[in-house]
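Structural features, examined
Letter by letter, the chains look like this.
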Amino acid sequence: MKRLIIAIDGPAGAGKSTVAKLTAQKLNYNYIDTGAMYRAVAWQTLQQGVEPSNQAIAELAQNLDLKLDYRNGKTNITVAGQDITEAIRTPEVSRLVPKIAQVAEVREVMLKLQQDMAGLGGVVMDGRDIGTHVLPQADIKIFLTASIAERAKRRWQELVAKGYTIQLSELEAEIAYRDKEDCERELAPLLAAPDAIHIDTTELSIEATVKKIIDLCKEKL
Ligand code: C5P
């Protein structure tokens, strides 16, 4: 049976990773979380206390010993052998990552790794520029959105469950800031591909969203 390439793009908190992970598990495909790769560079920048100049960040990304284990329908990520899958989810990393993602050399390194990992298919990849730049040949392109209020609420619930003390208003501001940075940047901005199918998840459950995507896949198989 044909193994599809599925690209899922959209802004922070739209439900991409949850939906992409479940879709991959249902189809027995690989799930590749590209946001985690940019987060890994931001995490390492913070760890090393690197002055976040473009040149320093570019060098750091080019020399980063980054490994992704993307089998079993989830993405685990290590840097120099250290598992940072959870450590890259902190508010500090979230604040820094949009700046990191604007550095051309960082995007070059990631683009190559992402295209290699997509291989011959059987993959669900989520991010900001997957349908437009990384995998323009994808069989299915989804653009997932939700209102800012709903996206901030979801992130807040996630972080509170992990023990963080953070105000909802702070997250609304952070998400609005990341939307602006990701949409307005020069290189591979957050944009729906012309052939992407838009799904607004503000009032749609995760299960219903996954079902919609699986139904679209069935049409292509
Ligand atoms: O998906 P997530 O919210 O973890 O992504 C973190 C950040 O990484 C985004 O806000 C964006 O700046 C960057 N990113 C990107 N291109 C991708 C995936 C993520 O620029 N394909």
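Residues numbered from 1 in each chain as written. Predicted model: local features only at pLDDT ≥ 70, side-chain atom pairs only at ≥ 80, totals over all residues. Heavy atoms only, no water.

Going by an unreviewed UniProt entry, the chain carries the name Cytidylate kinase and comes from Sporomusa ovata. Here is the UniProt Sequence similarities (unreviewed entry) comment for the chain, exactly as written: "Belongs to the cytidylate kinase family. Type 1 subfamily." Here is the UniProt Subcellular location (unreviewed entry) comment for the chain, exactly as written: "Cytoplasm". (UniProt positions renumbered as here; feature names shortened; annotations may be inferred.)

1. Quick word on the UniProt feature "domain: Cytidylate kinase" (unreviewed entry) in the chain
Here the UniProt feature "domain: Cytidylate kinase" (unreviewed entry) sits at residues 6–218. Structurally, residues 6–218 comprises 52% helix and 15% strand, and the distance from its first C-alpha atom to its last is 12 Å. (Helix = DSSP H or I, 4+ residues; strand = E, 2+ residues; numbered from the N terminus.)

2. Section: the UniProt feature "binding site: ATP" (unreviewed entry) in the chain
In this numbering, the UniProt entry assigns the feature "binding site: ATP" (unreviewed entry) to Gly10, Pro11, Ala12, Gly13, Ala14, Gly15, Lys16, Ser17 and Thr18. When its relative accessible area of 8% is taken as the criterion, Pro11 is described as buried. Pro11 has contacts with Lys16, Arg128, Leu144, Thr145, Arg151, Asp179 and Leu190, leaving out every residue within four places of it along the chain. Locating Ala14 in the fold gives a position in the loop between β1 (5–9) and α1 (16–27). In this structure Ala14 comes out as buried when scored by relative accessible area, which is 1%. Leave out the neighbours within four places in its chain, and Ala14 touches Leu144, Thr145, Ala146, Arg151, Arg154 and Thr201. (Buried < 20%, exposed > 50% of the residue type's maximum accessible area, 1.4 Å probe, protein only. Contact = heavy atoms within 4.5 Å.)

3. Regarding the pairing of strand β3 (residues 66–69)
Burial of β3 is one-sided: the residues Leu66 and Leu68 facing one way are buried, the residues Lys67 and Asp69 facing the other way are not. Bridge count for β3 against strand β4 (residues 76–79) is four bridges, and the pairing is antiparallel. Paired with Leu68 across the two strands is Ile77, which belongs to β4. Hairpin connection of β3 to β4: six residues between the antiparallel strands, including Asn72 at a positive phi of 65°. (Pairing = 2+ DSSP bridges.)

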